[in-house]
Amino acid sequence: MTITIYHNPDCATSRNALAMILASGEAPVVVEYLKNPPTRQKLEALIDAMGVPVRAVLRQKGTPYHELGLDQFSWGDEELIDFMMAHPILINRPIVETPKGTRLCRPSELVLDLLDRPVASFTKEDGAVVVHHEK
């Protein structure tokens, strides 16, 4: 199974999601999207695969979100994607893409449903224990 994680190593949520993937025995493709942002076509495909509005992928904290006026709801999807292409820090993370689906894994344990061999339990960086229950 090919797993790709759009990862920011400075983000605890992203590190936890990556650690859960690794704990499942998978060797994911890790894309540090701040260094290697997805193409516009790839970003649009990820958003489409997640089935969420473009605005749901925008990150506010630690970004120029407010300075750019993105809290104004007059921006259209194409314009929001333009901003994410110009400022990749606006792309929320981690986005994980697997044959089982594509998802913004916030909180990080959302990644477990995308894995073929999820870990039974996992301790996150903050000490919180995540127990995976099959659906």
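Caption draft 1: Structural detail: the pairing of strand β1 (residues 4-7). Burial along β1 is two-sided: the residues T4 and Y6 and I5 and H7 are all buried. By the bridge criterion, four bridges tie β1 to strand β2 (residues 29-32) in an arrangement that is parallel. The residue of β2 that forms the bridge with Y6 is V31. Considered for its hand, the β-α-β crossover made up of β1, helix α1 (residues 12-23) and β2 is right-handed. Here three bridges tie β1 to strand β3 (residues 95-98), and the two strands are oriented antiparallel to one another.

Caption draft 2: Fine view of the pattern of salt bridges. In this structure the tally under the stated criterion is ten salt bridges. Where E125 meets R15, a salt bridge forms, and the shortest distance between an N and an O atom there is 2.6 Å. Placement of E125 in the loop between β5 (121-123) and β6 (129-131) and of R15 in helix α1 is noted, with a sequence separation of 110 residues between them. The partner of E97 in a salt bridge is K42, and the shortest N-O contact between them spans 2.9 Å. Here K42 lies in helix α2 (residues 40-50) and E97 lies in strand β3, a separation of 55 residues in the sequence. The exposure class assigned to K42 is partly exposed, which follows from its relative accessible area of 27%.

Caption draft 3: Spatial organisation of helix α3 (residues 77-86). All of the buried residues in α3 are L80, I81, F83 and M84. Each buried residue of α3 lies within a common arc of 155 degrees when the element is viewed along its axis, so the set occupies one face. For α3, the secondary structure elements touched by its buried residues are α2.

Caption draft 4: Spotlight on the sheet that holds β2. Strand order in the open sheet formed by four strands is β2-β1-β3-β4, with mixed pairing between adjacent strands. Unpaired on one side and paired on the other, β2 and β4 (101-104) mark the two borders of the sheet. Within this sheet the neighbouring strands show an average axis-to-axis angle of 15 degrees, counted without direction. Strands in contact with α1 are β1, β2 and β3; relative to β1, the strand with the most contacts, it is inclined by about 160 degrees. Against the sheet, α2 touches β1, β3 and β4, its axis set at about 95 degrees to β4.

Conventions used here
- Residues numbered from 1 in each chain as written.
- Predicted model: local features only at pLDDT ≥ 70, side-chain atom pairs only at ≥ 80, totals over all residues.
- Heavy atoms only, no water.
- Buried < 20%, exposed > 50% of the residue type's maximum accessible area, 1.4 Å probe, protein only.
- Helix = DSSP H or I, 4+ residues; strand = E, 2+ residues; numbered from the N terminus.
- Pairing = 2+ DSSP bridges.
- Right-handed = clockwise from strand over helix to strand, strands pointing away.
- Salt bridge = Lys/Arg side-chain N within 4 Å of Asp/Glu carboxyl O.
- Arc of directions from axis to C-beta.
- Contact = heavy atoms within 4.5 Å.
- Axes fitted to C-alpha atoms, helices over the stretch in contact; angles between N-to-C directions.

These figures come from the coordinates and say nothing about function on their own.
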